[in-house]
Each structure stands twice: as C-alpha cells, then as structure tokens.
Amino acid sequence: MDKLLVDEKDITLLKESEMLHGSYQEMVEMRLLYNAAIKQISTKLEILNEEFNVKNARNPIHHVEARLKSPQSIIKKLNLKSMDISITSAKQLNDIAGIRVVCGYLDDVYNIAEMLLMQTDIKLVKYQDYIKQPNFNGYRSLHLDIEVPVFLSDHIENVIVEVQIRTVAQDFWASLEHDIRYKSDKYIPQDICDDMLQSANEIAEIDLKMQETFKKIQNI
Ligand code: GTP
Ligand code: MG
C-alpha cells in the first residue's frame, strides 16, 4: 500500500525516484542499502584507527568523508556511459556510495587498504593505484571498489562502495584540482595544466620526505 507522504524528506525522495524512473519505495530501499554499506565501512575504519592508536599511540587516519551520489550525478554518469536512466542501472555504478579516507603518511594509505582488504566479509571488485601510477594530471590516490554484505530482515545484499584512500597532501591537491578542472566545463589552458602537474609532483616529493622524516623520528 502506498505510504502517505508527509514531510520534506518524503517529497525529496519522491522527486529523486521520479528522476531515476523508479518508485518511492525503490528509492527508500536504495538509500537504506547504500547508507548501511557506508556505515559498515566507516565503522570498520574507525575500529582500525582506534586499534592502531592503542598499539602505536597515533592515528593513521586523519579524517573520513562519506557521500551518497546525488540523483543528478547518477543521471549524468548513466548518460555518459549510455546506460538506461533507472534505479536498476544506477546500482551497476560502483560509486553510489563513496568513502574518502585521508591519512597522515603514504605508508598509512597502504596499511589501511591492506587491513580493510584482509577482512573476510570484504570482496575487492577493482583496485586502482593512482599513487604508483598517477593520473595524467598528477592526481594521486588509492581507489578500492569493494563489496560488503548488508544483512537485511530476510536476505543479504552485496553492496559496492568506492573507497578513496590518500594522504592529507594528496587530498589538498585533489580537492583544489577538483574545483579547478575535474568538474568544470571551461577550457583550461595548457600552462595551467602544467602548473598543476608540477604542484602535484612537488607535493608527492614532500609526501615522501615527510614519510622519511617520520621514520627517522621513530628511530630516535
Ligand atoms: P568510474 O568509477 O566508472 O567513473 O571510472 P573509474 O573507476 O575509472 O573512475 P575512478 O575510480 O578513476 O575515479 C573516480 C573518482 O576519483 C572521481 O569521481 C573523483 O572523485 C576521483 N578522481 C579521479 N580522477 C581524478 C582527478 O584527476 N582529479 C580529482 N580531483 N579527482 C579524481
Ligand atoms: Mg571508479
């Protein structure tokens, strides 16, 4: 039976479901599912950070950001991939649920990734190491698309979450570059691209130096 719509949240969900040619109920269920997956991965990261702190007296994770992809962004991506505009095809995208883990040092990035992937309920779907092989523009980050089981009342759903793990320095560059270029439709002159690439490379050198300095401090 249809639910009587009462508040702003219901109206927003109804509009969002209409954009994706789905029902209100489908939209509520999709959000619940991806939110649940985000909560599970966030809790896992929190536990790893706390355990590391107890054992090593410092936090490898500086902060974590999470987001659910908006219907507008989903539609844009589905169009780009020439896919149907529907909730079913939206679920084929790997980044409906996105988590960004910002770490102190480069070693932390790989340690967190390894600890997460070791967990038996996590399945790796796609591994992209943009630190070892940076993007053409200098973008650096470790991307893991992972599948996590979400236990519902009568069945289990495997949900994909895109996890981006990077250092504070890489995050600093990526967030500025994102605004400047990644989401802009404007033409960016080559000299600005060159400057951005140079900054990314300099930041990468500083990251390596900071990692070395930290190792030296540990050995004092
Ligand atoms: P899809 O995930 O299917 O779109 O393709 P893909 O897996 O090749 O994309 P990828 O995982 O490489 O990128 C996904 C996300 O990473 C983007 O939405 C951005 O958040 C981030 N990203 C990738 N490349 C860049 C970049 O050059 N600059 C910035 N700032 N972010 C980037
Ligand atoms: Mg991706």
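Presented here is an overview of the structure given in this document. Worth saying up front: this structure is predicted, and the values here are computed from it rather than measured.

**Regarding the site of ligand 1**
Turning to step 1, where the next piece is worked out: In the vicinity of ligand 1 there are 16 residues, among which Lys77, Lys126, Tyr130, Asn137 and Glu177 approach most closely.
Turning to step 2, where the next piece is worked out: In this structure, Gln128 approaches ligand 1 through a side-chain N or O atom, which is 3.1 Å from an oxygen atom.
Turning to step 3, where the next piece is worked out: Here an oxygen atom of ligand 1 and a side-chain polar atom of Asn135 are 3.1 Å apart.
Turning to step 4, where the next piece is worked out: When ligand 1 is considered free in solution it has 630 Å² of accessible area, and contact with the protein chains removes 80% of it.
Turning to step 5, where the next piece is worked out: Listed by contribution, the elements that provide at least two residues to the shell around ligand 1 are strand 3 (123–129), strand 5 (156–167) and helix 6 (168–182).
Turning to step 6, where the next piece is worked out: A per-element tally of the shell around ligand 1 places helix 6 first, with four residues.

**Some thoughts on a nonpolar patch on the surface**
Turning to step 1, where the next piece is worked out: On the surface, Phe172, Leu176, Ile180 and Ile192 cluster together into a nonpolar patch covering about 350 Å² of accessible area.
Turning to step 2, where the next piece is worked out: The element that contributes the greatest number of residues to the nonpolar patch is helix 6, accounting for three residues.
Turning to step 3, where the next piece is worked out: With respect to the helices and strands, Ile192 occurs in helix 7 (residues 190–219).

**A look at the environment of Val150**
Turning to step 1, where the next piece is worked out: Relative to the helices and strands, Val150 is located in strand 4 (residues 142–151).
Turning to step 2, where the next piece is worked out: Once the C-alpha coordinates of Val150 and Ala37 are considered, the two residues, 113 residues apart in sequence, prove to be 6.4 Å apart.
Turning to step 3, where the next piece is worked out: Contacts of Val150, omitting those with residues within four sequence positions, involve Leu33, Ala36, Ala37, Gln40, His155, Ile156, Glu157 and Val159.

**With respect to unusual backbone geometry**
Turning to step 1, where the next piece is worked out: Positive phi outside glycine occurs at His21, with the angle close to 50°.
Turning to step 2, where the next piece is worked out: With respect to the secondary-structure elements, His21 resides in the loop between helix 1 (8–19) and helix 2 (24–56).
Turning to step 3, where the next piece is worked out: A relative accessible area of 61% places His21 in the exposed class.
Turning to step 4, where the next piece is worked out: Despite not being glycine, Ala57 has its phi angle at roughly 55°, a positive value.
Turning to step 5, where the next piece is worked out: Position of Ala57 relative to the elements: it lies in the loop between helix 2 and strand 1 (61–68).

What counts and how
- Residues numbered from 1 in each chain as written.
- Chains lettered and ligands numbered in written order.
- Predicted model: local features only at pLDDT ≥ 70, side-chain atom pairs only at ≥ 80, totals over all residues.
- Heavy atoms only, no water.
- Near = heavy atom within 4 Å.
- Polar contact = N/O pair within 3.5 Å; in protein donor to acceptor, adjacent residues only side chain to side chain.
- Areas by Shrake-Rupley, 256 points an atom, 1.4 Å probe, with all protein chains shown as cover.
- Helix = DSSP H or I, 4+ residues; strand = E, 2+ residues; numbered from the N terminus.
- Patch = residues over 30% accessible without salt bridge, like charges linked within 9 Å, V, L, I, M, F, W, Y side chains within 5 Å.
- Salt bridge = Lys/Arg side-chain N within 4 Å of Asp/Glu carboxyl O.
- Contact = heavy atoms within 4.5 Å.
- Buried < 20%, exposed > 50% of the residue type's maximum accessible area, 1.4 Å probe, protein only.

In short, the description is geometric, and any link to function would need to be established separately.
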